[in-house]
Amino acid sequence: MVGIVNGELQNIANGTISDEDLSKIRTNFLKEYEQAKDKNSFDMQLLTKYFRFKENINDPKHFESIVKSMSKQDIQNIAKQVLNTGKSYEVVFKPKQ
């Protein structure tokens, strides 16, 4: 599984991102955002971000506009950054014997 994830991340860093995948990512982010609004943890996150950073993440310009403006190049740059400077840990779970 680790090899598959690393391989996909490398593909993204190389620029292999389809328009269909980008559209699915945007749709999923916006869907999860809408679903999260009904939970108490969302309200807590709003308050925390506001009081710590003076940001109103409930304002559409802070989330929806960012998601809608994401480009393939933005995602490729993030993947490159993760591969070049990110820290990773491999955790292996073994069943009891």
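The structure this text deals with has already been given above.
Residues numbered from 1 in each chain as written. Predicted model: local features only at pLDDT ≥ 70, side-chain atom pairs only at ≥ 80, totals over all residues. Heavy atoms only, no water.

Peer 1: Sorry if this is basic, but what is going on with the overall build of the protein chain here?
Peer 2: The helix and strand tally for the protein chain stands at 5 helices and 0 strands. Written out in order from the N terminus, the α and β elements of the protein chain read α-α-α-α-α. The C-alpha atoms of the protein chain give a radius of gyration of 17 Å, which is well past the 13 Å a tight globule of 97 residues would have. Taking the principal axes of its C-alpha atoms as reference, the protein chain extends roughly 40 × 40 × 25 Å. (Helix = DSSP H or I, 4+ residues; strand = E, 2+ residues; numbered from the N terminus. Rg over C-alpha atoms; globule rule 2.2 N^0.38 Å.)

Peer 1: Help me understand helix 3 (residues 40–53), please; the structure alone is not making it clear to me.
Peer 2: An α-helical turn contains 3.6 residues, so any two residues separated by three or four positions project in the same direction. Taking 1.5 Å per residue as the helical rise, helix 3 with its 14 residues ought to reach 20 Å, and the 20 Å between its terminal C-alpha atoms agrees with that figure. Of the residues one or two after helix 3, lysine 54 is the one with positive phi, at around 55°. (Expected span 1.5 Å × (residues − 1).)

Peer 1: Looking at this model, I keep getting lost on the packing of aromatic side chains. Mind explaining?
Peer 2: How two aromatic rings sit relative to each other is set out by the distance from centre to centre and by the angle between their planes. All chains considered together, the criterion is met by 3 aromatic pairs. Between tyrosine 33 and phenylalanine 42 the ring centres are 5.6 Å apart and the planes differ by 80°, which places this aromatic pair in the edge-to-face class. Look at tyrosine 33 and you get buried, because its relative accessible area is 8%. Following the ring pairs from residue to residue traces out a cluster consisting of Tyr33, Phe42 and Phe63. Taking the ring centre of tyrosine 50 as reference, the NZ or CZ of lysine 54 above it sits at 5.8 Å. (Phe/Tyr/Trp six-rings, centres within 6.5 Å; stacked < 30°, edge-to-face > 60°. Buried < 20%, exposed > 50% of the residue type's maximum accessible area, 1.4 Å probe, protein only. Lys NZ or Arg CZ within 6 Å of the ring centre and 35° of its normal.)

Peer 1: Quick question: what am I supposed to make of the layout of surface pockets here?
Peer 2: Sizing a probe to match a water molecule and rolling it over the atoms shows the empty space that remains. Here the largest pocket defines a volume of roughly 240 Å³. Lining the largest pocket are Val2, Val5, Asn6, Leu9, Val82, Leu83, Gly86, Lys87, Ser88, Tyr89 and Glu90. Counting only elements with at least two residues in the lining of the largest pocket, the list comes to helix 1 (2–13) and helix 5 (72–85). With 4 residues, the top contributor of residues to the lining of the largest pocket is helix 1. For the lining of the largest pocket, the residue count by class is 6 nonpolar, 3 polar and 2 charged. (1 Å grid on protein atoms, 1.4 Å probe; cavity = no way out; pocket = protein on both sides within 12 Å on 5 of 7 lines; lining within 4 Å. Points joined across faces, edges and corners; volume = space filled by probe spheres on them. Nonpolar A, V, L, I, M, F, W, Y, C, P; charged D, E, K, R; others polar.)

Peer 1: Teacher, can you tell me more about a nonpolar patch on the surface here?
Peer 2: On the surface, Met44, Leu47, Tyr50 and Phe51 cluster together into a nonpolar patch covering about 460 Å² of accessible area. Residue position: phenylalanine 51 is located in helix 3. With a relative accessible area of 57%, phenylalanine 51 lands in the exposed category. (Patch = residues over 30% accessible without salt bridge, like charges linked within 9 Å, V, L, I, M, F, W, Y side chains within 5 Å. Areas by Shrake-Rupley, 256 points an atom, 1.4 Å probe, with all protein chains shown as cover. Salt bridge = Lys/Arg side-chain N within 4 Å of Asp/Glu carboxyl O.)

Peer 1: Would you mind going over the environment of asparagine 6 with me for this structure?
Peer 2: Within the secondary structure layout, asparagine 6 lies in helix 1. Since its relative accessible area comes to 43%, asparagine 6 is described here as partly exposed. Put simply, asparagine 6 and leucine 46 are 40 residues apart on the chain and 33 Å apart in space, counted from C-alpha to C-alpha.

Peer 1: Would you explain the environment of valine 82 in this entry?
Peer 2: Relative to the assigned elements, valine 82 resides in helix 5. Each C-alpha atom of the pair valine 82 and glutamine 10 lies 9.9 Å from the other, and the pair is 72 residues apart in sequence.

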